[in-house]
Amino acid sequence: MDVRNDEHPSQVLRELNSQRERGELTDVVLEVGGRSFPCHRAVLASCSPYFHGMFTSGYAEAKQERISIKEMTEVAMATILDYAYTSRLQTDPDQVQDVMSAASLLQVDFVYRKAAEYMKDKLDMINCADVLMYADMLGARGLVKASKRYIASRFHQVALQPSFLQLPLPLLQSLLDRDDLLTYSEDDVVQAVLRWIDFEQEGRLQQIPKLCHSLRHFFVSSNRLVDLERKCSSTDLRRLVYSNSTTERLGRTQTEMQIFLRELFSDFDSPESPRSAPCYDPSTGGLYSINMPHSLDRFSVTVTPDDELYLAGGVATSRESGSTHGRTGQKAFYHYNHLFSIWEPRCEMIAQRVRCGLVYLKGYIYAIGGDNTKETAERYDPSCDEWTSIPPLPHPVSPELCTVTLNDSIYVISGKGCYCFSTTENTWRKIADMLEPPLRPQAVTHRGRIYCIDCDRGESTLTCLEMYNPANNKWTITGHGSLTFNVATLIKYRGDIYILTVVQKHRLNVLDAEETRVDAYQYQSKTGSWRHLKDSSRLVPPMVEWLCSGSVTYCLTARMVPQCLGDACDFQDELMSDFSFTDSESSGVSDDDDSEDDLSDQDDSDEDNNDDD
């Protein structure tokens, strides 16, 4: 007979653990701090090479009944022993470093690896420098590498954290030598060095010559060089040698792009591959893709002035069927890592939300509505990765809403009413409703005004651009006429407003690339009119099938890193030449400018309240 009892190992382990808890048949006591841990030598030696060597050697500990271990905390020892006797690793987040240190000493490989993986997954702007120093001290090469890459991916933000100033010189140099620092200019790198020096001038001024070897002289402005060299002694100044590298930091390659987000992924999105959205660079015609969470539809995305992307909520979907599981929203919240091109989980929202209003304003992310008519709202603080509730909307609004920010306020626009939240007063107030209540509003801010259009009425229709003036609390029609389209996308790019329209040539039930015309219009602030762009290919990305899917499309503008984005093949099955670009038909849209189409580089500020209509 040859049979196997698969439950025997776990039964033996459970019994040994019970004996440990009762103090039965134990043959050694570990003394850690002020606590005693009765144990079995055989169990300790079986999972720890450290203890195996101790108990099988000729050292005194091999025969001692009580052994003192001073290099770890009581909690860490208890965690290691619980794992040894139960195969389960469980500890509080603030104890992970101590547990990892204990696992390193005792050579418990599984605990060591899992603790390192946990710390890697929990890296953020606040702790990454501390984790790097800890991992370097412990000799955890994998965690050191992960920490450095994370710091590189958010260098311009991490360099402002207090822990960055604690970095020892060798670690700082290893960071400054990297090509993949995501920082806008070499001047930012010099500024980080200056802050590091000023934190402890007495001991660090003499390190300037070493640090200069890591600074790329070709890209540093003369002003920053003066600031740095002013801190040098005459002796050090004569021996300064900068890096002669002409390789740009990765952050310097960031390019302003349009990110197109479709409301629902359609049938031709492959369930076998990660879902993605197109990123388009109108200045070069370059088309790229950014991976999106594959399990969510109808999520919301916002961009900060520093080009940080945050994603919230959505409806869970099945990869197999592509269908949604009811209408229950999600608490999911993500922060995009440009270097890794991944969405990193952050603290979940308080409420479940589906395509909520998500905006950034003065250091915080706000999530409003999208919670099954409860109309709650909450605020996220990136500095501590925490959500807090704010006052809810005073009255119900349409599920299809949009949000924009202007000065210190957040504006919510919907077909059932419009509201304004003052972040300084922490209160909501009712504002004027749009002249024509929108079904699917899209809005942007421009020169102290809010511009909104109804982007989808279900069939080809006429619709107007409405402008809201906060000074007199009034909406007015602007744009000198209506636009005809099936679906439209309102775009803000380089300080100007554009609208991208998709129109069926023939009234088909389903939008079809071969039977569809795509037009682009630029809003003329001085005349309050639309100008039809004859060379629309400079603004419209080459992704015919994607645009003509019939889903509402939203557009965000952010500086992206081309080298870190994905292949655009998902969106280039058909080329731009398949579109029909024609002069605007009788739409009341101005087309009297025969000059070359202009994608203006003029900067725009929401703080500017000059009249433009």
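Summarised in this report is the structure supplied together with it. Values in this document were obtained by computation on a predicted structure and should not be read as measured data.

On to the nonpolar core. Core analysis: the biggest nonpolar cluster contains 84 residues, and L30, M77 and L228 have the highest contact counts within it. Top element by residues in this core is helix 4 (residues 74-86). It accounts for eight residues. The contact partners of L30, leaving out residues within four places of it in the chain, are R35, S36, F37, C39, L44, F51, I67, I69, M77 and L81. Core analysis: the next-biggest nonpolar cluster, separate from the first, contains 20 residues, I259, M292, A332 and Y334 among them.

Where strand 1 (residues 28-32) and strand 2 (residues 35-39) come together, five bridges link them in antiparallel fashion. Considered in strand 2, the bridge of E31 is made with S36.

In this structure, V144 sits in helix 8 (residues 141-153). Sequence spacing of V144 and V131 is 13 residues, and the spatial spacing of their C-alpha atoms is 8.0 Å. Discounting residues that sit within four places of it in the chain, V144 has contacts with L132, A135 and D136.

The next thing to look at is helix 11 (residues 186-199). Each α-helix turn comprises 3.6 residues. Residues three or four places apart therefore point the same way. The end-to-end C-alpha separation of helix 11 is 20 Å, in line with the 20 Å expected for 14 residues at 1.5 Å each. For helix 11, every residue scored as buried is listed here: E186, D187, V189, V190, A192, V193, L194, W196 and I197. Summarising the contacts, the buried residues of helix 11 are in contact with helix 9 (155-158), helix 10 (169-176), helix 12 (201-204), helix 13 (208-212) and helix 14 (222-229).

Within this structure, the stated rule accounts for 27 salt bridges. Where salt bridges share partners, they join R154, E308, E344 and R346 into one cluster.

One non-glycine residue with positive phi stands out, namely S87, at about 65°. By relative accessible area, which is 51% here, S87 ends up exposed. Positive phi, close to 55°, is recorded for S341, a residue that is not glycine. With respect to the helices, strands and loops of the structure, S341 is situated in the loop between strand 12 (333-337) and strand 13 (342-345).

Here we take up the pairing of strand 16 (residues 377-381). Both faces of the sheet carry side chains from a regular strand, because those side chains alternate between them. The element strand 16 is extensively covered by neighbouring structure, given that four of its five residues are classed as buried. Where strand 16 lies against strand 17 (residues 386-390), five bridges are found, and the strand directions are antiparallel. Residue pairing in the sheet places A377 in a bridge with I390 of strand 17.

Interhelical geometry of helix 5 (residues 96-106) versus helix 6 (residues 109-121) gives an angle of 150° and a closest axis separation of 8 Å. In terms of axis orientation, helix 5 runs roughly antiparallel to helix 6. Crossing hand, helix 5 versus helix 6: left-handed. Here helix 5 contributes V96, Q97, V99, M100, A103 and S104 to the contact with helix 6, which in turn contributes V111, Y112, A115, A116, Y118 and M119. Across the contact of helix 5 with helix 6, the residue classes tally to ten nonpolar, two polar and no charged.

On to helix 5, then. Looking only at helix 5, the buried set comprises V96, V99, M100, A102, A103 and L106. Down the axis of helix 5, the buried side of the element spans an arc of 165°, and every buried residue falls inside it. Close packing links the buried residues of helix 5 with helix 3 (49-55), helix 4, helix 6, helix 7 (128-138) and helix 8. Q107 sits one or two positions beyond helix 5 and adopts a positive phi of about 60°.

Going through the model one piece at a time under the given rule, you end up with three cavities of 30 Å³ or more. Roughly 50 Å³ of volume is contained in the largest cavity. Lining of the largest cavity is provided by S153, R154, H156, L182, Y184, Q254, D306, D307, E308 and H338. Residue composition of the lining of the largest cavity, by class: two nonpolar, four polar and four charged.

We now examine the sheet that holds strand 1. One open sheet holds the three strands; their spatial order is 2-1-3, and the pairing between them is mixed. On the outer flanks of this sheet lie strand 2 and strand 3 (66-68), each paired with one strand and no other. Taken over all neighbouring pairs, the strand axes of this sheet differ in orientation by 25° on average, direction set aside. In the sheet, strand 1 pairs with strand 3 via three bridges, with the strands oriented parallel.

Of note, L439 is situated in the loop between strand 21 (427-431) and strand 22 (441-446). The class of L439 is partly exposed, set by a relative accessible area of 47%. Distance in space between the C-alpha atoms of L439 and P399 is 9.5 Å, their sequence separation being 40 residues.

Below, the discussion takes up the packing of helix 1 (residues 8-22) against helix 4. The N-to-C vectors of helix 1 and helix 4 enclose an angle of 140°; their axes lie 8 Å apart at closest approach. Relative to helix 4, the element helix 1 lies oblique. Of helix 4, the residues touching helix 1 (which contributes L13, L16, N17 and R20) are L81, D82, A84, Y85 and T86.

The rules we used
- Residues numbered from 1 in each chain as written.
- Predicted model: local features only at pLDDT ≥ 70, side-chain atom pairs only at ≥ 80, totals over all residues.
- Heavy atoms only, no water.
- Core = buried A, V, L, I, M, F, W, Y, C linked by side-chain atoms within 4.5 Å.
- Buried < 20%, exposed > 50% of the residue type's maximum accessible area, 1.4 Å probe, protein only.
- Helix = DSSP H or I, 4+ residues; strand = E, 2+ residues; numbered from the N terminus.
- Contact = heavy atoms within 4.5 Å.
- Pairing = 2+ DSSP bridges.
- Expected span 1.5 Å × (residues − 1).
- Salt bridge = Lys/Arg side-chain N within 4 Å of Asp/Glu carboxyl O.
- Axes fitted to C-alpha atoms, helices over the stretch in contact; angles between N-to-C directions.
- Parallel < 35°, antiparallel > 145°, perpendicular 65-115°, else oblique.
- Left-handed = near helix turned anticlockwise from the far one by under 90°.
- Nonpolar A, V, L, I, M, F, W, Y, C, P; charged D, E, K, R; others polar.
- Arc of directions from axis to C-beta.
- 1 Å grid on protein atoms, 1.4 Å probe; cavity = no way out; pocket = protein on both sides within 12 Å on 5 of 7 lines; lining within 4 Å.
- Points joined across faces, edges and corners; volume = space filled by probe spheres on them.

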